[in-house]
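# Inside the fold
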Amino acid sequence: MAFPITRLRRLRQSEQLRSLVRETRLTPSSFVYPMFVCPGEGVRKPVGSMPGVCNLSVDEAVKEAAQVYSLGVPSVILFGLPEKKDEVATGAWADDGIVQQAARAIKREVPKLLLMGDVCLCEYMSHGHCGIVRAVPQSLGAAVAAPPAAITDFEIVNDATLEILARSAVSLTRAGIDIIAPSDMMDGRVAAIRKALDAAGFINTPILSYAAKMASGFYGPFREAADSTPQFGDRRSYQMDGANLREAMREIELDIEEGADMIMVKPAMPYLDVIAAARLRFDLPLAAYQVSGEFAMIEAAARNNWIDRDRVMMESLQSIRRAGASIILTYFAKDAAKLLG
Ligand SMILES: [Zn+2]
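Notes on the structure follow. (Residues numbered from 1 in each chain as written. Predicted model: local features only at pLDDT ≥ 70, side-chain atom pairs only at ≥ 80, totals over all residues. Heavy atoms only, no water.)

### Some words on the coordination of the zinc ion
When a metal carries six donors in an octahedron, the ideal angles between them are 90 or 180 degrees, while four donors in a tetrahedron ideally lie at 109.5 degrees. Let me state the cut-off plainly: Each metal's donors are the N, O and S atoms within 2.8 Å of it, or within 3.2 Å when it is Na, K or Ca, and because water is not part of the set, sites may look incomplete. Partly exposed residues are those whose accessible area sits between 20% and 50% of the maximum for their type, while under 20% is buried and over 50% is exposed, using a 1.4 Å probe and protein chains only.
In this structure, Cys120 (SG), Cys122 (SG) and Cys130 (SG) serve as the protein donors to the zinc ion, at separations of 2.2 to 2.3 Å. Expressed as a motif, the donor residue spacing for the zinc ion is C-x1-C-x7-C. Of the two residues, Cys120 and Cys122, neither departs from the other in class, the shared state being buried.

### Let's talk about the packing of helix 9 (residues 245-258) against helix 10 (residues 272-281)
Threshold: For helices, the fitted axis covers only the stretch in contact; all axes are lines through C-alpha atoms, and the angles between them, taken along N-to-C directions, range from 0 to 180 degrees. Think of it this way: any DSSP run of H or I at least four residues long counts as a helix, any run of E at least two long counts as a strand, and we number them from the N terminus. Relative orientations are named as follows: roughly parallel for angles under 35 degrees, roughly antiparallel for angles over 145 degrees, roughly perpendicular for angles from 65 to 115 degrees, and oblique for any other angle. Should the near helix be turned anticlockwise from the far one by less than a right angle, the crossing is termed left-handed; should it be turned clockwise, right-handed. Two residues qualify as a contact provided that any one of their heavy atoms is within 4.5 Å of a heavy atom in the partner residue. Following the grouping adopted for this structure description, the nonpolar residues are Ala, Val, Leu, Ile, Met, Phe, Trp, Tyr, Cys and Pro, the charged ones are Asp, Glu, Lys and Arg, and the polar ones are all others, Gly among them.
Direction vectors running N to C along helix 9 and helix 10 enclose 50°, while the axes themselves pass 10 Å from each other. Overall, the two elements helix 9 and helix 10 adopt an arrangement that is oblique. Judged by the sense of rotation from one axis to the other, the crossing of helix 9 with helix 10 is right-handed. Here Leu245, Ala248, Met249, Ile252 and Glu253 of helix 9 lie close against helix 10, whose contacting residues are Asp273, Val274, Ala277, Ala278 and Arg281. Of the residues assigned to the contact of helix 9 with helix 10, the class counts are seven nonpolar, no polar and three charged.

### Notes on helix 12 (residues 309-323)
As a reminder of what qualifies: Here the expected span of a helix is defined as 1.5 Å times the quantity of residues minus one. Definition of a polar contact: a pair of N or O atoms within 3.5 Å, with one able to donate and the other able to accept a hydrogen when the atoms are protein atoms, and with sequence-neighbouring residues admitted only if both atoms are side-chain atoms.
Over its 15 residues, helix 12 extends 21 Å from the first C-alpha to the last, a length consistent with the 21 Å expected when each residue adds 1.5 Å. Buried within helix 12 are the following residues: Met313, Met314, Ser316, Leu317, Ser319, Ile320 and Ala323. Buried positions along helix 12 lie against strand 1 (31-38), helix 10, strand 11 (286-290), helix 11 (292-303), strand 12 (327-330) and helix 13 (333-340). Put simply, Asp308 is the residue that caps the front of helix 12, since its side-chain oxygen is 3.3 Å from the backbone nitrogen of Asp310. Gly324, located one to two residues past helix 12, shows a positive phi value of around 130°.

### Section: the environment of Leu114
By the element assignment, Leu114 lies in strand 5 (residues 114-119). Spatially, the C-alpha atom of Leu114 lies 9.0 Å from that of Val32, the residues being 82 residues apart in sequence. With sequence-adjacent residues up to four places away left out, Leu114 is seen in contact with Pro74, Ser75, Val76, Asp178 and Ile179.

### Concerning the pairing of strand 1
Two faces belong to every sheet, and in a regular strand the side chains alternate between them. What counts, and what does not: Between any two strands, at least two bridges found by DSSP are needed for them to pair.
Counting buried residues in strand 1 gives eight out of eight residues, a clear majority hidden from the surface. Burial along strand 1 is two-sided: the face carrying Phe31, Tyr33, Met35 and Val37 and the face carrying Val32, Pro34, Phe36 and Cys38 are both buried. For strand 1 and strand 4 (residues 75-80), the ladder comprises six bridges, and the chain directions are parallel. Looking across to strand 4, one finds that Phe36 is bridged to Phe79.

### Observations regarding unusual backbone geometry
Leaving glycine out, the prevailing phi sign among residues is negative, and the prevailing peptide bond configuration is trans. The peptide bond linking Phe3 to Pro4 adopts the cis configuration, its omega dihedral lying at 10°. Inspection of the secondary structure assignment puts Pro4 in the segment before helix 1 (15-20). The omega torsion across Lys266 and Pro267 is -10°, close enough to zero to call that bond cis. Checked against the element boundaries, Pro267 lands in the loop between strand 10 (262-266) and helix 10. Its identity is not glycine, yet Met185 carries a phi of approximately 70°, on the positive side.

Structure (structure tokens):
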């Protein structure tokens, strides 16, 4: 049946009608709010490129967590800025690590808030990479071709990194983290973490794997927030090439085989097709991370009055939901929850 019998505008006449036939709905219950915990007391250090986002000392993180929970957002994901960085990421797995401290404090004050723990090493390594770095012997050709001062000959060591990641996961769980979320993109990390958690008696701690995490320019502002910029090289030898949809499916499939309970695609908006493909293909709960650059672009344009911030914020979240993500990690979690509440 075509026009004039069919008129799609009939169902768009009022907000009541539009709401009745709306296919995608957002609720605060699907949001996860990222938080950056730093040493000190009473610290709320604004992240310049992410308006409204701060580095928070543990006491301030507790207050923020309580506010997040009161808005109906069920979960936060914690990132840490340690006092000291080193070559073995001690801050990631130490019992008194900054995220471990925050997890204990938040669990005491806001016990029902679900705590996700990002498991990675970049924030805790002096070189800012997500794994152990080893220098590799230069080939004769490279030695001739490379400028003497350039650090080009290094390798992020996969298998040795797994042990530190697993140790971090156990330490975080012990501190009260409810969901372990590895973001490092080493091969085999989900299996290594599952094995370590089980061996430590944490058989019921779920793993949300950053399964398809792309090497992306959209992470720029996060590196300021988490102080995790690589001191040399980049992350392309472990994070995925954003051009590859089929490889993203393989990454997800392998993480599921290794024991992931939930999977994630990151970033979100430039990779909505990856989210949609994953939704069709896999039956696990699917998360997407609306990353710092996505957030910063919207905030920056809104500050120039080039866009309507709230409207674009909700539209961006809706697009992620419509693509198929049931869980959305977003810096907009609090403000979107206020609008939805
Ligand atoms: Zn990392």
